[in-house]
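Below, each chain spelled out in residue letters.
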Amino acid sequence: MTTPPAGAEVRVSAETPSLPASTALTAMLEARSVALVGASARPGSLGARMIAEAARSPSRPRTYLVNPRYQDIGGVRCLPRLADVPEPVDLVLLAVPDTALEEQLGAAARTQARSAVIFGSAFDPPGATGLRDRLAATAAQAGMAVCGAGCMGFVNVSRGLRAVGYVEPDPVPPGPVALITHSGSVFSAMLRTRRGFGFSLAVSSGQELVTTAADYAGYALDLPDTRVLALVLEAIRDAAELRSVLGRALSAGVPVVLLSVGGSRAGRALVSAHSGALAAADGAWEALAGAYGVHRVRDLAELADTLELFSAGRRCPAGAGLATVHDSGLERAHVADLAAELGVPFAPIGPETSNRLAAVLDPGLQPANPLDVWGTGRDTEPLFAECLSALAADPEVAAVALAVDLVPELDGDEAYPRAVRAAAFG
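As the structure is a prediction and not an experimental result, all values here were calculated from the model.

Peer 1: Looking at this model, I keep getting lost on the sheet that holds strand E10 (residues 174–181). Mind explaining?
Peer 2: Hydrogen bonds between backbone atoms are what pair the strands of a sheet, whose relative direction is either parallel or antiparallel. Read from one edge of the open sheet, seven strands run E9-E8-E11-E10-E12-E13-E14, paired in mixed fashion. In this open sheet, the two strands that pair with only one neighbour each are strand E9 (161–164) and strand E14 (295–296). Relative to strand E11 (residues 199–204), strand E8 (residues 153–156) runs antiparallel, the two being bridged by three bridges. In the sheet register, Phe-154 faces E11, and the bridge partner there is Val-203.

Peer 1: Looking at this structure, how should I read the nonpolar core?
Peer 2: The tendency in soluble globular proteins is for nonpolar side chains to be buried as a group. Judged by nonpolar contacts, the single largest core of 52 residues is most densely connected at Met-28, Leu-36, Leu-91, Leu-93, Phe-154, Leu-229 and Leu-231. Sorting elements by how many residues they give to this core places helix H6 (residues 213–221) first, with seven residues. One finds Val-96, Ala-116, Ile-118 and Leu-131 within the second-largest nonpolar core, a separate group that totals 29 residues.

Peer 1: Got a minute to help me understand the packing of aromatic side chains in this structure?
Peer 2: What describes a pair of aromatic rings is the distance from one ring centre to the other and the angle between the planes of the rings. Going through the model one piece at a time under the given rule, you end up with three aromatic pairs. Here the aromatic rings of Phe-119 and Tyr-166 are separated by 6.2 Å at their centres, their planes lie at 85 degrees, and the arrangement is edge-to-face. Residue Phe-119 is located in the loop between strand E6 (115–118) and helix H4 (131–142), and its partner Tyr-166 is located in the loop between E9 and E10; the two are separated by 47 residues in the primary sequence. On the numbers, 5.8 Å between centres and 80 degrees between planes, the contact of Phe-197 with Phe-199 is edge-to-face. The exposure class of Phe-197 is buried, given its relative accessible area of 7%.

Peer 1: It is not clear to me how the sheet that holds strand E5 (residues 91–94) should be interpreted in this structure. Could you clarify?
Peer 2: Ordered by their spatial adjacency, seven strands build an open sheet running E3-E4-E2-E1-E5-E6-E7, and the pairing between neighbours is mixed. Two strands lie at the open edges of the sheet, namely strand E3 (72–73) and strand E7 (145–148), each paired on one side alone. Of the pairings in the sheet, the one linking E5 to E6 comprises three bridges and is parallel in character. Bridge pairing in E6 links Leu-93 to Val-117. Relative to the sheet, helix H2 (residues 46–55) contacts strand E1 (33–37), strand E2 (62–66), E3 and E5, its axis offset from that of E1 by approximately 165 degrees. Across the face of the sheet, helix H3 (residues 98–110) comes into contact with E1, E5 and E6 while running at roughly 170 degrees to E5.

Peer 1: Which parts of the structure should I look at to understand the packing of H3 against H4?
Peer 2: The description of two helices packed together rests on the angle between their axes and the distance between the axes. Interaxial distance between H3 and H4 falls to 9 Å at its minimum, and their mutual angle equals 10 degrees. Relative to H4, the element H3 is oriented roughly parallel. Facing H3, whose interface residues are Asp-98, Leu-101, Glu-102, Leu-105, Gly-106 and Ala-109, H4 presents Leu-131, Arg-134, Leu-135, Thr-138, Ala-139 and Ala-142. In the contact of H3 with H4, the residues fall into seven nonpolar, two polar and three charged.

Peer 1: I keep staring at the pattern of salt bridges and nothing clicks. Help me out?
Peer 2: Two side chains bearing opposite charge may form a pair once their charged atoms approach each other closely. Across all of its chains, the model carries 21 salt bridges by this definition. In this structure, the salt-bridge partner of Arg-162 is Asp-170, at a minimum N-O distance of 3.8 Å. When its relative accessible area of 46% is taken as the criterion, Asp-170 is described as partly exposed. Here Arg-378 and Asp-362 are joined by a salt bridge, their closest N and O atoms 2.7 Å apart. Taken together, the positions of Arg-378 in the loop between strand E16 (371–372) and helix H13 (380–393) and Asp-362 in the loop between helix H12 (351–358) and E16 put the pair 16 residues apart, joining distant regions of the chain. Since its relative accessible area comes to 37%, Arg-378 is described here as partly exposed. The network of salt bridges with shared partners includes Glu-53, Arg-56, Arg-162 and Asp-170.

What counts as what
- Residues numbered from 1 in each chain as written.
- Predicted model: local features only at pLDDT ≥ 70, side-chain atom pairs only at ≥ 80, totals over all residues.
- Heavy atoms only, no water.
- Pairing = 2+ DSSP bridges.
- Helix = DSSP H or I, 4+ residues; strand = E, 2+ residues; numbered from the N terminus.
- Core = buried A, V, L, I, M, F, W, Y, C linked by side-chain atoms within 4.5 Å.
- Buried < 20%, exposed > 50% of the residue type's maximum accessible area, 1.4 Å probe, protein only.
- Phe/Tyr/Trp six-rings, centres within 6.5 Å; stacked < 30°, edge-to-face > 60°.
- Contact = heavy atoms within 4.5 Å.
- Axes fitted to C-alpha atoms, helices over the stretch in contact; angles between N-to-C directions.
- Parallel < 35°, antiparallel > 145°, perpendicular 65-115°, else oblique.
- Nonpolar A, V, L, I, M, F, W, Y, C, P; charged D, E, K, R; others polar.
- Salt bridge = Lys/Arg side-chain N within 4 Å of Asp/Glu carboxyl O.

The structure is reproduced here in structure tokens:
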């Protein structure tokens with residue numbers, strides 16, 4: 001970590017203009033200088049984790065520790081106050097109690113810090129009100145971007161910056177997904193999914209006192225690595241900007257996956273109690289989804305599944321449909337029912353595909369889509385591989401799914417996964 005020279009002092013001019021919002025946001029998410037306020041030597045504390053996580057940033061920003069209780073931490077000099085940092089930093093991480101937030105964010109503004117992360121919830125102290133409003137006003141007047149309050153911070157994988165106060169995977173898997181979530185728990189859970197996708201950017205935006213989910217999403221769309229946008233939201237805080245960003249994503253062919261909460265009366269009440277936000281009615285989310293082609297999901301499992309599918313990098317041609325292959329006639333009918341309920345089209349297969357299927361199917365099985373392959377159970381691997389390949393080659397088929405029960409085979413047979421590999425890779 002960088003240690004500043006002794007006796008350094010920052011002088012701030014009241015006439016210094018504030019940064020445009022987009023510049024302040026970039027300064028935050030690509031910070032080259034960071035002050036860690038509330039840095040601590042106490043193992044397991046927020047201040048100690050913050051130091052450790054920042055040190056794992058591949059971009060190696062200049063880092064200053066700030067806490068009047070220490071002269072140094074781990075051999076790195078610790079400054080008593082933000083005014084002692086020898087430069088206006090791009091980013092200040094505030095690992096301080098709520099009672100100290102107003103003072104420390106004010107100090108960040110006076111020293112021309114460009115942005116801040118507020119980990120604390122910014123609850124009003126007993127007998128007082130309006131802390132969050134005052135914090136927002138301080139930051140807005142100074143032109144600062146702010147992540148939080150009540151957040152986990154962010155990891156900019158594309159730019160190599162970790163600004164979190166909690167232990168997260170190191171490294172965070174790189175990939176095409178930009179995740180913006182109001183929930184710190186969802187932020188942490190998604191970074192640890194060990195699924196078939198990684199991240200360009202992951203932000204736990206919390207209460208969005210200043211900087212909104214739409215702001216982060218707009219930044220993410222400018223990252224070349226971002227090919228999928230994942231939004232986990234409980235409120236719409238900047239509707240106009242969110243619409244603009246969703247329009248950009250639609251024009252750029254970047255799929256947007258949305259998990260929203262607060263659709264029920266009980267859910268809306270819990271959102272208000274949790275963050276003070278006014279949850280959007282489900283009709284508002286549905287209108288956004290319909291207008292901008294947003295893919296809505298109902299839970300975290302469906303979110304992870306959908307992100308994994310989009311991260312594969314394959315896009316369906318317009319008007320094409322799905323093909324499914326089954327080892328059960330009943331389950332084939334069950335999938336057909338679900339598809340009809342959800343409005344998912346099955347592709348009409350051509351005569352060439354039908355003839356290719358008929359050549360390998362047992363007598364009595366129809367060469368159709370969806371397809372039931374199971375007859376006598378003979379030659380499972382080559383049979384399924386050929387059927388999957390035949391359907392995938394049909395020009396009307398956009399995607400092929402092998403729909404089988406995910407249970408362990410008691411005889412150790414791995415014909416299904418081998419068939420999928422053979423169809424996918426030849």
